[in-house]
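Letter by letter, the chains look like this.
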Amino acid sequence: MPTVTASADGPPTSARPGPHHWPAVLSVMMGIFAIVTTEILPIGLLTSIGSGFTVSDGTAGLMMTMPGYLAAAAAPAVTVATARIDRRRMLCACMFLLAAANFIAAAAPAYWAVLVSRVLVGVVIGGFWSIGAGLAGRLVPARSARRATAVVFSAVPLGSVLGVPLGTLIGDLAGWRTSFAVMGLLSVAVLIALAVLVPPLPAEGAARLTALRGMMRSRGTRHALLVTVLVVLAHFGAYTYVTPFLERVTHVPPGLITVFLLTYGAAGILGNFLAGTALARHPHATFGAAGGLIAFATLALPLLGRWDVGAIALLILWGVGYGAVPVCSQAWFARAAPHSPEAASVLFTASFQATLSTGALVGGAVMDRTSPSTIMALGGATAVVMVVAVVSGRPRRSAGAAGPGGGRRPGRPPGR
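Since the structure is predicted, the reported quantities are computational estimates derived from the model, not experimental observations.

A. Spatial organisation of the overall build of the chain. When its secondary structure is counted, the chain shows 17 helices and zero strands. Buried residues in the chain amount to 58% of all 416 residues. Excluding contacts between residues fewer than 6 apart, the proportion of contacts in the chain whose partners are at least 24 apart in sequence is 86%. If you sum the accessible surface of the chain, you get close to 15,600 Å²; carbon and sulfur atoms cover 68% of it.

B. Summary view of the packing of helix H14 (residues 283-304) against helix H17 (residues 372-392). At a minimum axis separation of 7 Å, H14 and H17 run at an interaxial angle of 160°. Judged by the inter-axis angle, H14 sits roughly antiparallel to H17. Remark: the crossing between H14 and H17 carries left-handed chirality. Residues His284, Phe287, Gly288, Gly291, Gly292, Ile294, Ala295, Thr298, Leu299, Leu301 and Pro302 of H14 form the contact with H17, whose own contacting residues are Ser373, Met376, Ala377, Gly379, Gly380, Ala381, Ala383, Val384, Met386, Val387 and Val390. A class-by-class count of the residues in the contact of H14 with H17 yields 14 nonpolar, eight polar and no charged.

C. Representation of unusual backbone geometry within the structure. For Thr54, which is not a glycine, the phi torsion comes out positive at approximately 50°. You can call Thr54 exposed: its relative accessible area is 71%. The phi angle at His251 is positive, at roughly 60°, despite the residue not being glycine. Tracing the backbone shows His251 in the loop between helix H12 (242-248) and helix H13 (254-278). Among the residues examined, His251 registers a relative accessible area of 58% and is labelled exposed.

D. Representation of the side chain of Ser187 within the structure. Tracing the sequence through the fold places Ser187 in helix H9 (residues 176-197). Given a relative accessible area of 0%, Ser187 falls into the buried group. Every residue in contact with Ser187, bar those within four places of it in the chain, is listed here: Met95, Leu98, Ala99 and Asn102.

E. The arrangement of a nonpolar patch on the surface in detail. A contiguous nonpolar surface patch, about 530 Å² in accessible area, is contributed by Phe103, Leu185, Val188, Ile192, Val196 and Leu197. The element best represented in the nonpolar patch is H9, accounting for five residues. Tracing the backbone through its elements, the reader meets Phe103 in helix H4 (residues 87-106).

F. Spatial organisation of the nonpolar core. If you look at the biggest cluster of nonpolar residues, it comprises 113 residues, and the most contacted ones within it are Phe128, Leu194, Phe236, Leu246, Trp318 and Val325. For this core, the leading source of residues is helix H1 (residues 22-52), giving 15 residues. Those residues in contact with Val325, other than ones at most four positions away along the chain, are Val231, Val232, Phe287, Ala290, Ile294 and Phe352.

G. Looking closely at the environment of Thr298. On the secondary structure map, Thr298 appears in helix H14. Relative accessible area serves as the criterion here: at 0%, Thr298 is assigned to the buried category. Spatially, the C-alpha atoms of Thr298 and Ala383 are 8.9 Å apart, while their sequence positions differ by 85 residues. Leaving out residues up to four positions away in the same chain, Thr298 has contacts with Ala238, Trp318, Met376, Ala377, Gly379 and Gly380. Looking at Thr298, its side chain comes within polar contact range of the main-chain oxygen of Ala295, at 3.3 Å.

H. Focus on helix H3 (residues 62-81). In this model H3 runs 28 Å from its N-terminal to its C-terminal C-alpha over 20 residues, within 8% of the 28 Å that 1.5 Å per residue would give. Along H3, the largest kink reaches about 35° and is centred on Ala74; proline Pro76 follows within four residues of it. Listing the buried residues of H3 in full gives Met63, Met64, Thr65, Pro67, Gly68, Ala71, Ala72, Ala74, Ala75, Val78 and Thr79.

I. Expanded view of helix H15 (residues 308-336). In this model H15 runs 42 Å from its N-terminal to its C-terminal C-alpha over 29 residues, within 8% of the 42 Å that 1.5 Å per residue would give. At Val325, H15 is bent by approximately 30°, the largest bend along its length, and proline Pro326 sits one to four residues beyond.

J. Inspection of the environment of Thr38 at higher detail. Along the chain, Thr38 falls in helix H1. The spacing of Thr38 and Ser179 is 141 residues in sequence and 9.4 Å in space, taken between C-alpha atoms. Leave out the neighbours within four places in its chain, and Thr38 touches Leu98, Asn102, Arg118, Val121 and Met183.

K. How the structure looks around the state of the cysteines. Within this structure, the stated rule accounts for zero disulfides. With no disulfide of its own, Cys92 has Cys94 as its nearest cysteine by sulfur position, at a separation of 9.4 Å. With a relative accessible area of 7%, Cys94 lands in the buried category.

L. Here's a closer look at the confidence of the model for the chain. The predicted model of the chain has a mean per-residue pLDDT of 80, with 83% of residues at 70 or higher. Contacts of residues 398-403 to residues separated by more than four positions or lying in other chains number eleven contacts, the stretch itself having pLDDT below 50.

M. Representation of the side chain of Arg118 within the structure. Looking at the element boundaries, Arg118 is found in helix H5 (residues 111-132). The charged side chain of Arg118 is buried without a salt bridge, its nearest counter-charge being Glu39 at 6.4 Å. The contact partners of Arg118, leaving out residues within four places of it in the chain, are Thr38, Glu39, Pro42, Met63, Met64, Pro67, Leu70 and Phe180.

N. Geometry of the packing of aromatic side chains. Here the structure, examined in full by the defined rule, presents eight aromatic pairs. Arranged with centres 5.5 Å apart and planes meeting at 75°, the rings of Tyr239 and Trp318 form a pair that is edge-to-face. Of the two residues, Tyr239 is situated in helix H11 (residues 219-239) and Trp318 in helix H15; the sequence distance between them amounts to 79 residues. Trp318 carries the same exposure label as Tyr239, and that label is buried. Here a set of aromatic residues connected by ring pairs shows up, and it is made of Phe53, Tyr111, Trp176 and Phe180.

What counts and how
Residues numbered from 1 in each chain as written. Predicted model: local features only at pLDDT ≥ 70, side-chain atom pairs only at ≥ 80, totals over all residues. Heavy atoms only, no water. Helix = DSSP H or I, 4+ residues; strand = E, 2+ residues; numbered from the N terminus. Buried < 20%, exposed > 50% of the residue type's maximum accessible area, 1.4 Å probe, protein only. Contact = heavy atoms within 4.5 Å. Areas by Shrake-Rupley, 256 points an atom, 1.4 Å probe, with all protein chains shown as cover. Axes fitted to C-alpha atoms, helices over the stretch in contact; angles between N-to-C directions. Parallel < 35°, antiparallel > 145°, perpendicular 65-115°, else oblique. Left-handed = near helix turned anticlockwise from the far one by under 90°. Nonpolar A, V, L, I, M, F, W, Y, C, P; charged D, E, K, R; others polar. Patch = residues over 30% accessible without salt bridge, like charges linked within 9 Å, V, L, I, M, F, W, Y side chains within 5 Å. Salt bridge = Lys/Arg side-chain N within 4 Å of Asp/Glu carboxyl O. Core = buried A, V, L, I, M, F, W, Y, C linked by side-chain atoms within 4.5 Å. Polar contact = N/O pair within 3.5 Å; in protein donor to acceptor, adjacent residues only side chain to side chain. Expected span 1.5 Å × (residues − 1). Bend = angle between axes of the 7 residues up to and from the residue. Disulfide = S-S within 2.5 Å. pLDDT = per-residue confidence, 0-100. Lys, Arg positive; Asp, Glu negative; His and termini not counted. Phe/Tyr/Trp six-rings, centres within 6.5 Å; stacked < 30°, edge-to-face > 60°.

Put into structure tokens, the structure is as follows:
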């Protein structure tokens, strides 16, 4: 399953034979899948939830804005504050909060209750991801740590590209509240799996504030941060409002919206596969190509997206592009700090989530004042800037093997 292979430097593991807890690895993966899906579920249900509470599309976009900002703050805070707590207990606590958040949303009597549930989702994202992403190497022997890490990270693209269309399908069939209720039941199932399958995991090697500050002095980290911010801003600023675009510009019937989003999701899986195989040898070209596909698709949608065929073709390109983004971003952060995997994971999570929220917030403000086509054009322009940043930061071949860590060979720490 090709995902974040560049992060395979993974958490430090000993040379001695380790445990064989592959079911535990899968349960952690399912936890991240449930979190990612819950986070982006409102994208496909935006208009349904907004009309149900008589709020505008921009106001409904707060469901995407709030969790990301809270997750950005929770990622370093939870990691540092829980440095001495058993990781299994932390994962179970986070899954309990996720189940509660989904059930609160499903039963929400007013829009404020939905926003309360999204606050809980934000805390869970920051806490579970910053802890769970670095556990794979402790659950399997050292020789299998790379594969286990890839399995855990595979939940990110799977949740990102499948969560919206599947949630929308359930919402079309049984209402948006049912979508959240189903995610609540999935969260409970994952909670039980974590409690049963994950062994006791005393905290060790947790990221410290000094390590996080040290990473920010790395040129490779700063470049990874810039490129990630630009591409995530471009994507979520536009994709959060793709359903209103399809309804108002392409004039897709409500029953077919799910088909369009499922097509996008399938393309995202392909993008993840392609990025996973190309990243190790061509990290800059892969990330630049992902941004380029997003830029082309969003800029062309206002022109070619007026027809079903054009919209589907561009959504396929968009899906391939974004399917590669989480893989590329995590890989760039990991390469910039190969000896601080948890710190790299925290910075990846914080930057990704904060920018996700900013994109949804800015997109909502623009949406309420202009049109879905303007949203797509602005997203495309931002993606173009991201591609320029990737190209301008590409290291010279004479400086060593190409890589986002300032042109050094993979596995060597970037310059401080």
